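These are the residues of each chain, in order.
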Amino acid sequence: MSDKVRIALDAMGGDQGPAVVVAGADLALTRHPGTEFLFFGNTALIAPLVDARPALKAASKLIHTDIAVRMEDKPSQALRYGRWKSSMWLAIDAVKKGDADVAVSGGNTGALMAMSKFNLKTLPGIERPAIAALWPTLRGESVVLDLGASIGADADHLVDLAVMGAAMARILFGLDRPSVGLLNIGVEEAKGLEPVREASAVLREQKLPGLDYYGFVEGNDIGKGTVDVVVTEGFAGNIALKTAEGTARQMAEYLKAAMKRTLWARIGYLFARSAFRELRERLDTRKANGGVFLGLNGIVIKSHGSTDAEGFAAAIELGHGVVRDELLAKITAALGNLGRPARQAVGGAAS
């Protein structure tokens, strides 16, 4: 592939729109100087921000549109008025046309998924895409999916998630056979919903190439890093993500308050500044911002809509990394090696 990575940005997406998107792109450019950006949105708002950053201006092209998807829109509404002409659609369409290698948006998640699926289509054998993200753990990082692309999952979909998540872990972590666990309410085989138990039977009996099936994992195993890939359906995955992010912010606030409570606490902080600085870095949810839409004929990255420039830069850098690592081609190859007829013969047909 080319040395340059071309990134299409939905400049109007997110809670703060162009201000965060442009500032985040500028930060990402300092870390990856070969990057080129396509900004889609209202150029009257975007241009002054880009013009104030000469290096970013030289690496950017602005494409005007008056239409932006609102954060409160339902996916059907966004498709009805935003197809073909919104900043979100045009960023995704740039990937489809080959004008960009990846699209990044902090906009409405449901709308972004609907537009991505409608425009890019899914890979062969994949009915529903998933949102996968890198999750900080005590062992390093794990891939967790699905984090909210869709609600509910049958056994086939969960196995698809395991295969795609394992392919992502192999690429990003350099592992030959990543360990994969299914998120459940207990580790016993009799526990959990029927689709989860069925998927477990498939993964255990089929011994699919490119992954080692660990078994069931519980919520506390995610942070421990018990497995390289944690698989769950989108409802539980999104709750787990938001709970972890909220807990990290809560702990950071507790520590900040504790360090200010007494004179001795302030003195103790001075002696332990480096340790607290490292802890603050680990608790910074912005560093792990960005989810990859897996299962599409193209790469789309979802950033948190409420993040700041540092967080949006992290989402851009995630997109840069998966493009450089040729994630899409390798996941397509992994799915091609998946024997779907044999899978359906195990534990009964999945709905």
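Residues numbered from 1 in each chain as written. Predicted model: local features only at pLDDT ≥ 70, side-chain atom pairs only at ≥ 80, totals over all residues. Heavy atoms only, no water.

Moving on, we come to the overall build of the protein. When helices and strands are counted, the protein shows 15 helices and 11 strands. Taking 351 residues into account, the globule formula puts the C-alpha radius of gyration at 20 Å, and the protein, at 21 Å, falls close to it. The principal-axis extent of the C-alpha atoms belonging to the protein is close to 60 × 60 × 40 Å. Split into buried and exposed, the 351 residues of the protein put 49% on the buried side. Residue pairs in contact within the protein that sit at least 24 positions apart in sequence constitute 71% of those at least 6 positions apart. With an accessible surface of roughly 16,100 Å², the protein has 56% of that area assigned to carbon and sulfur atoms. (Helix = DSSP H or I, 4+ residues; strand = E, 2+ residues; numbered from the N terminus. Rg over C-alpha atoms; globule rule 2.2 N^0.38 Å. Buried < 20%, exposed > 50% of the residue type's maximum accessible area, 1.4 Å probe, protein only. Contact = heavy atoms within 4.5 Å. Areas by Shrake-Rupley, 256 points an atom, 1.4 Å probe, with all protein chains shown as cover.)

Between its first and last C-alpha, helix α13 (residues 309-324) extends 22 Å over 16 residues, near the 22 Å set by a 1.5 Å rise per residue. Summarising burial for α13: 13 of the 16 residues are buried, a large majority. With a side-chain oxygen lying 3.2 Å from the backbone nitrogen of E310, the N-terminal cap of α13 falls on D308. Directly after α13, the chain includes E326, whose backbone phi takes a positive value near 55 degrees. (Expected span 1.5 Å × (residues − 1). Polar contact = N/O pair within 3.5 Å; in protein donor to acceptor, adjacent residues only side chain to side chain.)

For strand β5 (residues 130-137) and strand β6 (residues 140-145), the ladder comprises 6 bridges, and the chain directions are antiparallel. Note that in β6 the partner of L134 across the bridge is V143. Connecting the antiparallel pair β5 and β6 is a turn made up of 2 residues. Here β6 runs beside strand β9 (residues 229-231); their pairing, made up of 3 bridges, is parallel. Following the sheet pairing, V143 is matched in β9 by V229. (Pairing = 2+ DSSP bridges.)

Another aspect to go through is the packing of aromatic side chains. Following the criterion strictly, the structure yields 3 aromatic pairs and no others. Considering the side-chain rings of F37 and F39, the 6.1 Å spacing of their centres and the 40 degrees angle between planes classify their relative orientation as tilted. Judged by its relative accessible area of 2%, F37 falls in the buried class. Here a set of aromatic residues connected by ring pairs shows up, and it is made of W84, W89 and F118. (Phe/Tyr/Trp six-rings, centres within 6.5 Å; stacked < 30°, edge-to-face > 60°.)

Here we come to the packing of helix α1 (residues 18-31) against helix α2 (residues 43-51). Axis separation between α1 and α2 bottoms out at 10 Å; the angle between their running directions is 35 degrees. The way α1 lies across α2 gives a crossing that is right-handed. Between α1, through P18, A19 and V22, and α2, the contact on the second element is made entirely by L45, I46, L49 and V50. Looking at the contact of α1 with α2, its residues break down into 7 nonpolar, no polar and no charged. (Axes fitted to C-alpha atoms, helices over the stretch in contact; angles between N-to-C directions. Left-handed = near helix turned anticlockwise from the far one by under 90°. Nonpolar A, V, L, I, M, F, W, Y, C, P; charged D, E, K, R; others polar.)

Note that all results are geometric; they support no functional claim without further evidence.
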